[in-house]
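# Architecture and fold: a report
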Amino acid sequence: MTDQLTSSGPSRPAGAGAGAGTAAAPAGRGHRTGDQPGARPRRTRRVGPIVRHAILIIASLVMIYPLLWMIVSSLRPNTEIFRNPGLLPISFNTENYVNGWNALSQPFSHYLINSTLLVLGCVIGNVIACSLTAYAFARLKFWGRNIAFAVMLMTLMLPIHVVIVPQYIMFSQTGWVNTMLPLILPKFLATDAFFVFLMVQFIRGIPRELDEAARIDGCGHFRIFFRVILPLMTPAIATTVIFTFMWMWNDFFGSLIYLTTPDNFTVPLALRAFLDSQGTSDWGAMFAMSVLSLVPLFIVFLLGQRFLIRGFATTGIK
Amino acid sequence: MSAIGELTSMAKGRGRGGVREKHPDNKPALVFMAPWLLGLLGITLIPMIASLYLSFTDYSLLAAPKWIGLQNFVDMFHDARLMTSLKVTLIYVIVGVPLQLALALALAVLLNEGIKGLSFYRSIFYLPSLLGGSVAIAILWRQMFGTGGLVNQIAGMLGFTNLPGWISDPSTALGTIILLHVWTFGSPMIIFLAGLRQIPQMYYEAAEVDGAGRWRRFTAITLPLLTPIIFFNLVLQVINAFQSFTQAFVVSGGTGGPSDSTLFYTLYLYQKGFTQFDMGYASAMAWLLLVIVAIFTVINFFVSKFWVFYDD
């Protein structure tokens, strides 16, 4: 369902283009060269950029400081964490990582593997199911399409809580509670409407002439989908993969409900169990594992940024 | 634009397709749509109906559901914790969302002025919104705003000593979680940036020729032309904010404390449904949430007529 709305609301790019694009804004809004005829020279013209940079640099620092401090602190002895709010000196004390790795009933790698399996299942499900659905919405003419599309858009806004209780009852009757199936299966049923919408928008942008050409060559809808549309929609698929990864890596509400024994815990649940068991005694180790849990997100963010922007630039805004 | 735009235009009857369209693709569509249809029925619609039914019952998973009529809803009105959770959530939505959007808009406008290093700043501002939903960040927050945490250490260096722990004081605990929400302004900012790109440069040039200053250009051009996107962000962020769970859960250790000051509605729902296994009551709460979110969304759409400017 709409886990993305609940689990990690803030990260939602929300269908509108993170069209951000590259820095290729209409060249130099605000950087007027000053030699345009009729432009009055104003003081802000020279001071402006400096002030703006100053504001932006301070804002960036405030935004990023907690993260940097957590990384630096994860390498410090526990006593120092509550004494040093600064970033220096940087020590390289790996003790916290060793302690954190072995703090729970299983080594931390166990939870990393669980999370990886969950994410993998969800990514595969979303890519297959959402792209099939999106093709039908974008290219096929069938009875009730507009109504189905409106319903799909409305499920985007449905709080997961409205269905979680009966879902839980249903999955407890099939004996799937305490497995990953209740979290993965819905992805294979295209319940992440956000991605369906994203892909519909993307497919609408692919020239229909390509479909027509394939049809004249004798292709049916399945071959058009697999041979023509699917290869062309890699940016939208990349976006789907990245966001599914981010959301499910962070998923908490659903995991908390369905994964009940520590052996099946994912990284967020393990961190929370760690916090509960340690109270406030071993912040160093907790920071260490927290940092570790964020590393995959950082990597995907760095590698995927380009795809995200490309994926969104072609969808979202008209 | 986007989901909300599609819905509005459909509602206005501007959807594509004629009155009597032929449906040549019914058969392949059934195959392509099969997963979605199954999901809609099995994962969404049937559970929705089931939860509506359960909201009129007393059900604890152990025995069969017992029909009790409106009793759950009557109980809800006398449930002080439920009222507290509604209050907490409303404060969070009404304070957190506008603050977050205002910051997002301000920085998007600043970044849009052809500044050097745009992509660098954009990444820095966007990153927290990708991480903000994680347990790791909630753990960080708990340390930062704890008694001897980062914030108090910095405050101590500035001469403010003996400050209380922000998350252990009922009057400030919610504020720290609102702050966490504001910290994730990056995703609406990205959407604003994309919107700002759509505003034709010539409007600004014309205004400048007419002698409009920076502020005037912002209020007379940028703001009105951006209202559809502000509206879009507002609707989505309100819906999201009502469903916040992880941060309050982790920061308060699952209790919603201190003294229920961070008892978010979803957190209370979780406690009722999945720690006390009062499934009937939890279902009733879920439906109340749906109704509240729907009311807010409808109000948003209604009020939008008075302030959102469509340039078409």
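These numbers come from a predicted model, not from an experiment.

### A short note on the overall build of chain B
When its secondary structure is counted, chain B shows 14 helices and two strands. Taking all 312 residues of chain B together, 56% fall into the buried category. Nonlocal contacts in chain B, meaning residues at least 24 apart in sequence, comprise 68% of its contacts between residues at least 6 apart.

### Focus on the overall build of chain A
Looking only at helices and strands, chain A has 15 helices and zero strands in total. When contacts within chain A are restricted to residue pairs at least 6 apart in sequence, those whose partners lie at least 24 apart make up 74%. When the accessible surface of chain A is totalled, it reaches about 12800 Å², and 67% of it is carbon and sulfur.

### Focus on the interface of chain A and chain B
In this complex, chain A contributes 122 residues to the contact, which on the side of chain B involves 111 residues. For the pair chain A and chain B, the summed buried area comes to about 10500 Å², and 71% of that belongs to carbon and sulfur atoms. Our count for the contact surface shared by chain A and chain B stands at zero salt bridges. Where chain A packs against chain B, one counts eight residue pairs in polar contact (both at pLDDT 80 or more). Broken down by element, the side of chain A that touches chain B gets its largest block of residues, 17 residues, from helix H2 (residues 44–74) of chain A. Residue composition of the side of chain A that touches chain B, grouped by class: 79 nonpolar, 29 polar and 14 charged.

### Some points on the UniProt feature "transmembrane region" (unreviewed entry) in chain B
Residues and elements named next belong to chain B. Feature annotation in UniProt assigns "transmembrane region" (unreviewed entry) to the following positions: residues 30–56, 90–111, 123–141, 173–196, 217–239 and 282–303. A distance of 21 Å separates the end C-alpha atoms of residues 123–141, which is 84% helix and 0% strand. For residues 173–196, the end-to-end C-alpha separation is 35 Å, with 92% helix and 0% strand making up the annotated structure.

### Structural notes on the environment of His221 of chain A
Along the chain, His221 of chain A turns up in helix H11 (residues 221–232). On the basis of relative accessibility, which here comes to 14%, the residue His221 of chain A falls in the buried class. Other than its neighbours up to four places away in sequence, His221 of chain A contacts Tyr135, Leu140 and Arg215 of chain A together with Asp25, Pro28 and Phe32 of chain B. One polar contact links His221 of chain A to Asp25 of chain B, side chain to side chain, over a distance of 3.3 Å.

### Digging into a nonpolar patch on the surface
Residues and elements named next belong to chain B. On the surface, Val291, Ile295, Ile299, Phe302, Val303 and Phe306 cluster together to form a nonpolar patch covering roughly 590 Å² of accessible area. Within the fold, Phe302 resides in helix H14 (residues 279–307). Of the residues examined, Phe302 reaches a relative accessible area of 48% and is grouped as partly exposed.

### Some details on helix H6 (residues 135–144) of chain B
Along H6 of chain B, ten of the ten residues are buried, which leaves the element largely enclosed by surrounding structure. Every buried residue of H6 of chain B is listed here: Val135, Ala136, Ile137, Ala138, Ile139, Leu140, Trp141, Arg142, Gln143 and Met144 of chain B.

### Let's talk about the packing of aromatic side chains
Applying the stated criterion across every chain yields a total of 44 aromatic pairs over all chains. Between the aromatic rings of Phe171 of chain A and Tyr258 of chain A, the centroid separation amounts to 5.7 Å while the plane-to-plane angle is 85 degrees, which identifies the pairing as edge-to-face. Highlighted residues: Phe171 of chain A in helix H7 (residues 161–173) and Tyr258 of chain A in helix H13 (residues 253–258), separated in sequence by 87 residues. Take Phe171 of chain A: its relative accessible area is 3%, and that puts it in the buried class. Centre to centre, the rings of Trp215 of chain B and Phe218 of chain B are 5.6 Å apart; their planes meet at 35 degrees, and the pair counts as tilted. You can see Trp215 of chain B and its partner Phe218 of chain B sitting in helix H11 (residues 214–242), three residues apart, about one turn around the helix. Exposure remark for Trp215 of chain B: the relative accessible area of 63% places this residue in the exposed category. Take Phe218 of chain B: its relative accessible area is 17%, and that puts it in the buried class. Ring pairing ties together the aromatic residues Tyr168, Phe171, Trp176, Phe252, Phe253 and Tyr258 of chain A together with Phe245, Phe249, Tyr270 and Phe274 of chain B, which thus form one cluster.

### As for the nonpolar core
Within the largest apolar cluster, 194 residues are counted, with the highest numbers of intra-cluster contacts made by Phe137 and Met152 of chain A together with Leu111, Phe125, Ile137, Met189 and Phe192 of chain B. Here the element with the most residues in this core is helix H5 (residues 108–139) of chain A; it accounts for 16 residues. Sequence-distant contacts of Met152 of chain A, defined by excluding residues within four places in its chain, comprise Phe137, Ala193, Val196 and Phe197 of chain A together with Trp36 of chain B. Residues Val162 and Val163 of chain A together with Met48 and Leu290 of chain B belong to the second largest nonpolar core, which totals six residues.

### Quick word on the packing of helix H10 (residues 201–209) of chain B against H11 of chain B
All names here are of chain B. At a minimum axis separation of 10 Å, H10 and H11 run at an interaxial angle of 160 degrees. With respect to each other, H10 and H11 are oriented roughly antiparallel. In the crossing of H10 with H11, the sense of the turn from one axis to the other is right-handed. Between H10, through Tyr203, Tyr204, Ala207 and Glu208, and H11, the contact on the second element is made entirely by Arg217, Ile221, Thr222 and Leu225. For the contact of H10 with H11, the class distribution of residues is five nonpolar, one polar and two charged.

### A few points about the side chain of Ser283 of chain B
Tracing the backbone shows Ser283 of chain B in helix H14. The class of Ser283 of chain B is buried, set by a relative accessible area of 1%.

### Observations concerning the UniProt feature "transmembrane region" (unreviewed entry) in chain A
Residues and elements named next belong to chain A. The feature "transmembrane region" (unreviewed entry), as annotated in UniProt, sits at residues 50–72, 111–135, 147–171, 183–203, 224–249 and 283–303 in this numbering. Taken end to end, residues 147–171 comprises 80% helix and 0% strand; its first and last C-alpha atoms sit 29 Å apart. With 96% helix and 0% strand, residues 224–249 has its two end C-alpha atoms placed 33 Å apart.

### Considerations on the pattern of salt bridges
Going through the model one piece at a time under the given rule, you end up with four salt bridges over all chains. A salt bridge links Asp276 of chain A to Arg272 of chain A; its shortest N-O distance comes to 3.3 Å. Of the two residues, Asp276 of chain A and Arg272 of chain A both sit in helix H14 (residues 267–278), four residues apart, roughly one turn of that helix. Residue Asp276 of chain A is classed as partly exposed on the basis of its relative accessible area, which comes to 42%. With a closest N to O distance of 3.0 Å, Asp260 of chain B and Arg81 of chain B form a salt bridge. Linking Asp260 of chain B in the loop between helix H12 (246–251) and helix H13 (265–275) with Arg81 of chain B in helix H4 (residues 80–111), this pair joins segments that are 179 residues apart in sequence. Classification of Arg81 of chain B as partly exposed rests on a relative accessible area of 26%.

### As for the environment of Thr79 of chain A
Within the fold, Thr79 of chain A resides in helix H3 (residues 78–81). The spatial distance from the C-alpha of Thr79 of chain A to the C-alpha of Trp283 of chain A is 9.4 Å, given a sequence separation of 204 residues.

### Here's the deal with unusual backbone geometry
With a phi angle near 70 degrees, Asn178 of chain A is a residue other than glycine that sits in the positive phi range. Even without being glycine, Ser259 of chain B reaches a positive phi, approximately 45 degrees. Positionally, Ser259 of chain B belongs in the loop between H12 and H13. Classification of Ser259 of chain B as exposed rests on a relative accessible area of 63%.

The rules behind each value
Residues numbered from 1 in each chain as written. Chains lettered and ligands numbered in written order. Predicted model: local features only at pLDDT ≥ 70, side-chain atom pairs only at ≥ 80, totals over all residues. Heavy atoms only, no water. Helix = DSSP H or I, 4+ residues; strand = E, 2+ residues; numbered from the N terminus. Buried < 20%, exposed > 50% of the residue type's maximum accessible area, 1.4 Å probe, protein only. Contact = heavy atoms within 4.5 Å. Areas by Shrake-Rupley, 256 points an atom, 1.4 Å probe, with all protein chains shown as cover. Buried area = accessible area lost by both parts, 1.4 Å probe. Salt bridge = Lys/Arg side-chain N within 4 Å of Asp/Glu carboxyl O. Polar contact = N/O pair within 3.5 Å; in protein donor to acceptor, adjacent residues only side chain to side chain. Nonpolar A, V, L, I, M, F, W, Y, C, P; charged D, E, K, R; others polar. UniProt positions renumbered as here; feature names shortened; annotations may be inferred. Patch = residues over 30% accessible without salt bridge, like charges linked within 9 Å, V, L, I, M, F, W, Y side chains within 5 Å. Phe/Tyr/Trp six-rings, centres within 6.5 Å; stacked < 30°, edge-to-face > 60°. Core = buried A, V, L, I, M, F, W, Y, C linked by side-chain atoms within 4.5 Å. Axes fitted to C-alpha atoms, helices over the stretch in contact; angles between N-to-C directions. Parallel < 35°, antiparallel > 145°, perpendicular 65-115°, else oblique. Left-handed = near helix turned anticlockwise from the far one by under 90°.

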